[in-house]
Amino acid sequence: MDKGNVKLAPSILSADFSHLGKQVAEAERAGADRIHVDIMDGHFVPNISMGAPIVQSLRRVTDLRLEIHMMITDPDFFLDQFVEAGSDSFLVHWEGNNNLHRTVQRIKSLRKRAGVAINPATPALVLEEIISDLDQVLVMTVNPGFGHQQFIHSTLPKIRRVGQMIEQRNLECELEVDGGIDEATAPLTVAAGANVLVAGSSIFGAGVGVCAAMHQLRRAIDGVVR
Ligand code: DX5
Ligand code: ZN
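Figured I'd write up the structure that's included with this text. (Residues numbered from 1 in each chain as written. Chains lettered and ligands numbered in written order. Predicted model: local features only at pLDDT ≥ 70, side-chain atom pairs only at ≥ 80, totals over all residues. Heavy atoms only, no water.)

1. Side note on the packing of helix 1 (residues 20-29) against helix 2 (residues 52-61)
Definition in use: Lines are fitted to the C-alpha atoms to define the axes, a helix being fitted only along its stretch in contact, and any angle between axes, read from their N-to-C directions, falls within 0 to 180 degrees. Runs of H or I in DSSP of at least four residues are treated as helices and runs of E of at least two as strands, each being numbered from the N terminus. Our angle categories are set so that under 35 degrees counts as roughly parallel, over 145 as roughly antiparallel, 65 to 115 as roughly perpendicular, and the remainder as oblique. Crossing handedness: left-handed means the near helix sits turned counterclockwise from the far one by under a right angle, and right-handed means the same turn made clockwise. The criterion used for residue contact is that any of the two residues' heavy atoms lie within 4.5 Å.
Axis separation between helix 1 and helix 2 bottoms out at 10 Å; the angle between their running directions is 50°. Classified by the interaxial angle, the pair formed by helix 1 and helix 2 is oblique. Here the hand of the crossing between helix 1 and helix 2 comes out right-handed. Of the residues in helix 2, those touching helix 1 at Leu20, Gly21, Val24 and Glu28 are Ile54, Leu58 and Val61.

Printed below as a string of C-alpha cells:
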C-alpha cells in the first residue's frame, strides 16, 4: 500500500458552476492530485447532479485525472460516453450491482482505472473477492447523494480493515474516503489508513478560496502518523 503523500481529490459538487474552469485551475495550482466528479441519477441516490458534458468541458481545462464517481443505477450503460468525454477512472458502487466483476473488467478493458465504492452500512468483507482487481477502494464516510453532510465516525474501523486487506495482499490499491472530510476529520481518516481524500464543501465551500482551503486541509494532515 502506498504510504507516500496523501492525495487530495477536490469534488466539484460544491464548486461554483458559473466559474468551474477557474475553480478547477485553482485546485490544480494548489496541488490537487485529481478532480472528483459525482454523477447522480435521482434513482441510485435521491439527487441528480451532472453528466458527461461537464467531463468534456473539464477535459479541455485540466490535465489532472478526472475521477468519475458513478452513483447511478446502470453504470455500465454510461461508461462509453464518459470515456469518450475524457474520464480517467471510475468508482462504481458495490450496492445494487449484481455483476460487479463484469463492470470492473469492462472498465479495465476500456483501459481506465477501476475502483469500488462501499456505503457506510456495507461491510469491508464484500471486497474480499474483488479487491485484487482494483486500483482504488472508496470508503463512503457519508451516505452518498449530497455534499455538506456530517462525517460518520463509525466508518473509521472499516477504513482500517480495508487498509489491512490491501497490506496483507501487498496491493497497490489506493484507499480513498469521501464525505464530510474537513480539517477535523481528515487526520482521523489518514490515521486509519486513507491515502486519498475526497473533499467538496471544505475546499469549494470554505469561503476562504480554493487555494487557502486546500492548504488548510493539507496542514491538518501533515505529520499524521500512519
Ligand atoms: C457525496 C459525494 C461526495 C461529495 C462530498 O455523495 O460522493 O463526493 O461531493 O462532499 P463533502 O466533502 O461536502 O462531504
Ligand atoms: Zn463522491
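Further notes follow.
2. Some details on the site of ligand 1
Inclusion rule: If even one non-hydrogen atom of a residue comes within 4 Å of a molecule or strand, that residue is called near it. Whenever a nitrogen or oxygen atom comes within 3.5 Å of another N or O atom, the pair is scored as a polar contact, on the condition that within protein one atom can donate a hydrogen and the other can accept it, and that pairs from neighbouring residues in sequence are kept only if both atoms are in side chains. Here the accessible surface of atoms and residues is derived via Shrake-Rupley with a 1.4 Å probe, and residues count as covered only by protein chains that are part of the display.
Taken together, 20 residues lie near ligand 1, and Ser11, Gly145, Asp178, Gly200 and Ser201 sit nearest. Take Gly145: an N or O atom from its main chain is 2.7 Å from an oxygen atom of ligand 1. Relative to its unbound accessible area of 380 Å², ligand 1 is 100% covered by the protein chains. Mapped onto the shell around ligand 1, the elements with two or more residues apiece are strand 2 (34-40), strand 3 (65-71) and strand 8 (196-199).

3. Details of the side chain of Asp38
Applied cut-off: Exposure classes here rest on a 1.4 Å probe applied to the protein chains alone. A residue is buried below 20% of its type maximum, exposed above 50%, and partly exposed in between. By the counting scheme adopted, Arg and Lys are positive, Glu and Asp are negative, and His together with the chain ends is not counted. Any Lys or Arg side-chain nitrogen located within 4 Å of an Asp or Glu carboxyl oxygen qualifies as a salt bridge.
Relative to the assigned elements, Asp38 resides in strand 2. At 12 Å, Arg34 is the nearest oppositely charged side chain to Asp38, a buried residue that forms no salt bridge. Only 2.7 Å separates the side chain of Asp38 from the side chain of Ser11, close enough to count as a polar contact. Within the local environment of Asp38, its side chain forms a polar contact with the side chain of His69, the two groups lying 3.1 Å apart. Excluding residues that lie within four positions of it along the chain, Asp38 makes contacts with Ser11, Leu13, Ser49, Met50, His69, Met71 and Asp178.

4. Points about the pattern of salt bridges
Enumeration according to the criterion identifies nine salt bridges in this entry. A salt bridge links Glu174 to Arg113, with the nearest nitrogen and oxygen atoms 3.3 Å apart. With Glu174 in strand 7 (residues 174-178) and Arg113 in strand 5 (residues 113-118), the pair connects residues that are 61 residues apart, well separated along the chain. Classification of Glu174 by relative accessible area gives buried; the value is 6%. With a shortest N-O distance of 3.0 Å, Arg169 and Glu128 are connected by a salt bridge. One end of the pair, Arg169, is in the loop between helix 5 (156-168) and strand 7; the other, Glu128, is in the loop between strand 5 and strand 6 (136-140), and 41 residues separate them in sequence.

5. Topic: unusual backbone geometry
The backbone phi angle of His148 is positive, close to 65°, even though this residue is not glycine. Positionally, His148 belongs in the loop between strand 6 and helix 5. Relative accessible area serves as the criterion here: at 64%, His148 is assigned to the exposed category. With a phi close to 55°, Asn170 is a non-glycine residue in the positive phi region. Its location among the elements puts Asn170 in the loop between helix 5 and strand 7.

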